[in-house]
Structures are given as structure tokens and as C-alpha cells.
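Here is what each chain is made of, one letter per residue.
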Amino acid sequence: METLTAKQKQYIEQPKERITGSEAIVRCLLAEGVEVLYGYPGGAIMPVYDELYKYEGEINHVLTRHEQCAAHAAQGYARISGKVGVAMATSGPGATNLITGIADAQIDSTPMVCITGQVPSHLLGSDAFQETDIVGISTPVTKWNHQVTKASQIPEIIARAFYIARSGRPGPVLIDITKDAQFEEFDFEYKKCMGVRSYVPVPKTDEAAISAAAQIINSAKKPMIVWGQGVILGKAEEELKAVIEKTGIPAAWTILGASAIPTSHALNIGMVGMHGNYAPNVLTNECDVLIAIGMRFDDRVTGKLDEYATQAKIVHFEIDPSEIDKNIKTDVAVLGDARDSLSKLLPLLNSNSHPDWLQKFKDLYDIEFEKVIKNDLHPTTEGLTMGEVLKEINIQTKGEAAIVSDVGQHQMIACRYADFNVSKSNITSGGLGTMGFALPAAIGAKMAAPDREVVAIIGDGGYQMTIQELGTIFQNKVPVKIVVLNNEFLGMVRQWQQLFFDKRYASTEMVNPNFVAIAKGYYLEAQKVTKREDLASAVKEMIDSNEPYFLEVCVEKENNVFPMVPSGASVSDIRLE
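A brief structural summary. Predicted model, so just to flag it, every value in this text is computed and none were measured. (Residues numbered from 1 in each chain as written. Predicted model: local features only at pLDDT ≥ 70, side-chain atom pairs only at ≥ 80, totals over all residues. Heavy atoms only, no water.)

**Brief notes about helix 2 (residues 21-31)**
Moving on, step 1. Across the eleven residues of helix 2, eleven count as buried, placing the element largely inside the fold.
Moving on, step 2. Those residues of helix 2 not exposed but buried are Gly21, Ser22, Glu23, Ala24, Ile25, Val26, Arg27, Cys28, Leu29, Leu30 and Ala31.
Moving on, step 3. Glycine 33 occupies a position one or two residues after helix 2 and carries a positive phi of about 80°. (Buried < 20%, exposed > 50% of the residue type's maximum accessible area, 1.4 Å probe, protein only. Helix = DSSP H or I, 4+ residues; strand = E, 2+ residues; numbered from the N terminus.)

Okay, structure coming up:
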């Protein structure tokens, strides 16, 4: 049961009062505990903005420079706080600009409510100015959506939207509200949504399935855990840690699961997937039991499906029934909330250790260290590597920073080498792979967690997709730290071109602007590093600053990210060079 604040109670179940639909929207947001929302005004949503002006001291609207970035900022806010992020835009292009962020939130299970304005109801379907069917467009990428044409519908629909967005497997919800509904008056009252008929957000845990899972795990000789973001979303970090420590099972993570267990934990064996660690990828095809917890067997994790862990019994803990047997056939599926399921599993598990099996992971790590990690973190080349930048950030932040990465080589390097000692510390675009995600998401993350150090790690390509959000940072004085790893290429695509297209670097070389001058044009502190001897002092100056800070680090142009599972290959075919 959600604990309501005094402010929320002020707007919930109070005597009816006649107000406009637009004021009702703002009051509904306050009743749901919304403190900040991200958006961009326009004609069809203007009545709501007029009401926001009146409620300025109670709810903070952040004007982003692009609607897509409003959605990404709301994602960053949600991912680090666990709360529902809120984004708002006008009709037509304003609404369609939200779609990339909504799709990103859908595939990464991020709770978000998006509100869009719409032309007056009598003009629907007439191709009116800035009209578009955003409900139809967003249907494939939302958990639920709805169009409101009457003011009286607003409280119930918004209450339902927040309930659906945050419950069960979270996701984005869109509410489209016609302009006449915003002007129309009605008798307002607000009641929290506590359930929706036919919607079962959390399946009932099957005790028999948990018992069967425990029997398989207890009999395993070479077990392996792979956990995903479901552990973080389910607030099951301690339960997972207890299971791992009681059983002695080595545990690996997907990129969205990173940080649920500290990087330094003795049984944390690293990241699985295309650019994951060597040992967990190779030994996926040697384990006898694979325990998947809150992960969906994404193709970047599994590689070639018909060669993925075929020798192993699969035990899958999952909240979403649609994920069971979708990609990988399970032997035992445990449906339910991860925290509840693991709590019930723990007393059924035998205390154990698997020293010989764990040694295999250590031996393969040593191979990876010699061939890859040593060169990334302790290079002998003249040029800087992305890995040593992450290493320096680890030192300066003691591994407690929230790392918000974009998409590309730098993303994989950040996931591989950042120290994650605090949960909800790896905020990145996982399933959709959205370039331009990091800068606005970092804004939302820092505003949600002002006491945490938030460092955005971005490539020179993705940075320029949303570089205008430096204006949002400056206007709102958001002290986020921005690190652009500049290799003057679209690095990940260039790596594939080198390895698989005979070095035909088609449309991947970047001719970049003066990034420091642009940052200073937005009144941000900024500097550029080109030499190794200047890196530590520059990172320290950035971290020590109480203001927004931009740091450009010029890294080697043609470094590649290894290990790497080639597209369509088995995870055991992972390459070290």
C-alpha cells in the first residue's frame, strides 16, 4: 500500500469542487505525488500550462529543448527514483516527438505517464492543424493508452494511468486529452486507482513451482545465475544477494540488471551478452542449471538461440507471463514478484559452495584480463582509452556515482568497467538502443537524486543528437557531469565495418565542432583532455565541482570493444580480439 504525503491527501477524496479539466489534470498529478514533470508547450496543451503557472510553487515543470528529451528525462527520473516519470507535450509533432522515448521506456520497463494535448473533439478525424492519431501511433509502444474527450473522465483515467504504469512489470502510459476537455468545467474529485478489472499485474506465486526450482538448484553441480532489471524493479537486491551467498552460485547480469549486486562481490562474475565478460558467456554453455531472474533472454544476451545453454536445465523467475518460453524453453517457470519469489525460495535452498566451478570463471577471467582488460585499463599506447577514463571516474567517485550512458562503444565500456556499488546506478538505453538518451536522462536522474553524483558517459555521435539540452541544464542549474568520449567516429558501427565490412567506413567518420566552446556558450564549466597526464586532474576537477560540468576526452579513434559475440553466433563463440 502506497504511503500518501500530506500534499497528496490535500487532493484526494476531498469534497467535490467545480473546476476546469486543465486544473483537474494538475491536481491529479499532485494527488499522485508528482513533484517534477518534463515537457514543451503548444497550442493544444496550453490550458494545462496556464494552470501549471498558477501551481508553480507546488509542481516543477522543466522546459526541455525537444519533446523526445522530455520523455528521456522522465525515464532518467524514473529509473533512479523508482517513481513514475511524467512528460507532457502538445498535439501533432509534439506528441510524435515523444514516441522514441515512449518506445524506449516500453522495452526497458520504465514507469512513465505521458500527457498530450489534442485538437478539440469536434475536429477529431478532420486533419485539423497539428492533429495526429497519437493513440493509434503509440498503441504498439505503450502499456496502455487512452483518449479523453470529456473533462469528467480526467480523474479516473489519470488515476488508472499511474496505477498501470507503476504496477507489475512497469511501463509507459499515454493519455491524449482534447482541448475542449481541458476547458470544460465539472465537479472534481480524485480517488486513487487500486485495481483494474481483468488486469493482474503480479501473478500469484506458485509454491509448487518454487519447490521444484529449489530441487533443481540444490541438485546442480555447475549452476549459474543470470539476473536482470526485474531484480531492481522488484526491490529484490537483498533477496538475490542472500540466495547467491547461501548457495555459492556464481551470478552474472544483463546491462539493465547491473548494480543490483555490487561489482566487487565475490560471486559477481560480470556481464553477459554481446560485449559481456568472457567467462559467463563461455560457461553459459557448460553450466548444468541456469537460473534466470527478472530477465527476458534478449537476443543480445543469448546470441544464437538454438545453441544457448542447450545442456542446462532452465529455471526462470519472471513477473510477466508473456516472457516465459518466448525465447528460451524453461524447465521450471516461477511467476511472480521477484522479491516475494526469492524470499520463499531462500529457506528451501541448501547451503553450498562450488569452488571448482567458480575457479573456472576465475581462470577465464584471467585470460580476458591479459588479452582485453589490461589493455583497456592500463594501456601502453600513446592515445587514451575509454576504459581508463572509466577507471579514473571510479577512483574519484568511489564507485558510488550513477552512470548514465548513451548507446555505442562507450556504453559497453561503461557497463563493463564502471564500479556499481549502489543499486540503480546504471541508467542506459538497453532494449531500444537510443542514441541521444544519456544527456536528457542524466538531467532527470540528477533532479530525482540530487544527493547522488550523476555522470553522463556519451559518445561524440549520440551527444550531438540531443546537445541542445545543455540549455535545459543551464536554465535549471542541474549539476550533472557530462563526459564525452570523442573518437571522431560512430564507433560501434565503425567497429562492425572494420570487422565485417573490410574497413569500408561508410558514413561513420565525424567532423566535430568545438565541444568545449559550445558548452561554454551555454555557460557551463568545460575543458578538453588529450593527454594521459592531464586525465586524473581533469576528472577530479569535474567531480569536485558543484556546478554542471562538461569534460571532453579525446580517445583513440579505432579502438574496438572486446570481448564480442558476433551477430548470429553462439555465446561460446565470443571473440577476445
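Picking up where we left off.
**Things to note about the sheet that holds strand 10 (residues 251-253)**
Two modes of strand pairing occur in sheets, parallel and antiparallel, and in both the strands are linked by backbone hydrogen bonds.
Moving on, step 1. Ordered by their spatial adjacency, six strands build an open sheet running 11-10-9-12-13-14, and the pairing between neighbours is parallel. Of all strands in the sheet, those with a lone pairing partner are strand 11 (268-271) and strand 14 (332-335), marking the two edges. Here the strands of the sheet are splayed against their neighbours by 20° on average, with no regard to which way each runs.
Moving on, step 2. One ladder, built from three bridges, connects strand 9 (residues 223-227) with strand 10; its direction is parallel. Bridge assignment links isoleucine 225 to a residue of strand 10, and that residue is alanine 251.
Moving on, step 3. Where helix 15 (residues 338-345) meets the sheet, it contacts strand 12 (289-293), strand 13 (313-318) and strand 14, and its direction lies at approximately 130° from that of strand 13. (Pairing = 2+ DSSP bridges. Axes fitted to C-alpha atoms, helices over the stretch in contact; angles between N-to-C directions. Contact = heavy atoms within 4.5 Å.)

**A few points about the nonpolar core**
Moving on, step 1. Ranked by internal contacts, the top residues of the largest apolar core, which has 100 residues, are Leu290 and Val553.
Moving on, step 2. The greatest single-element share of this core, amounting to seven residues, is contributed by helix 16 (residues 355-377).
Moving on, step 3. Residues Tyr11, Leu29, Val86 and Phe162 belong to the second largest nonpolar core, which totals 44 residues. (Core = buried A, V, L, I, M, F, W, Y, C linked by side-chain atoms within 4.5 Å.)

**Brief notes about the side chain of glutamine 495**
Moving on, step 1. Assignment of secondary structure puts glutamine 495 in helix 22 (residues 491-500).
Moving on, step 2. Given a relative accessible area of 0%, glutamine 495 falls into the buried group.
Moving on, step 3. When residues no more than four places from it in sequence are discounted, the contact partners of glutamine 495 are His275, Gln409, Asn560, Val561 and Met564.

**Overview of the pattern of salt bridges**
Moving on, step 1. Inspection of the entire model under this criterion finds 29 salt bridges.
Moving on, step 2. Of the charged contacts, one joins glutamate 32 and lysine 192 as a salt bridge, the two residues approaching to 2.7 Å between their closest N and O atoms. Here glutamate 32 is found in the loop between helix 2 and strand 2 (36-39), whereas its partner lysine 192 is found in the loop between strand 8 (185-188) and helix 10 (207-219), with 160 residues between them in sequence.
Moving on, step 3. The exposure class assigned to lysine 192 is buried, which follows from its relative accessible area of 17%.
Moving on, step 4. With a closest N to O distance of 3.3 Å, aspartate 502 and arginine 504 form a salt bridge.
Moving on, step 5. Each member of the salt-bridge network shares a partner with another, and the members are Arg169, Asp320, Glu323 and Lys326. (Salt bridge = Lys/Arg side-chain N within 4 Å of Asp/Glu carboxyl O.)

**A closer look at the sheet that holds strand 17 (residues 454-459)**
Moving on, step 1. Taken in spatial order, the six strands of this open sheet run 16-15-17-18-20-19, and their pairing is parallel. Both outer strands of the open sheet, strand 16 (426-428) and strand 19 (525-529), are each paired with one neighbouring strand and no more. On average, adjacent strands in this sheet sit at an angle of 20° to one another, irrespective of strand direction.
Moving on, step 2. One ladder, built from six bridges, connects strand 18 (residues 481-486) with strand 20 (residues 549-554); its direction is parallel. Across the sheet, residue isoleucine 482 finds its bridge partner in strand 20, namely phenylalanine 550.
Moving on, step 3. In the packing of helix 24 (residues 535-544) onto the sheet, the strands contacted are strand 17, strand 18, strand 19 and strand 20, and the crossing angle to strand 20 comes to about 160°.

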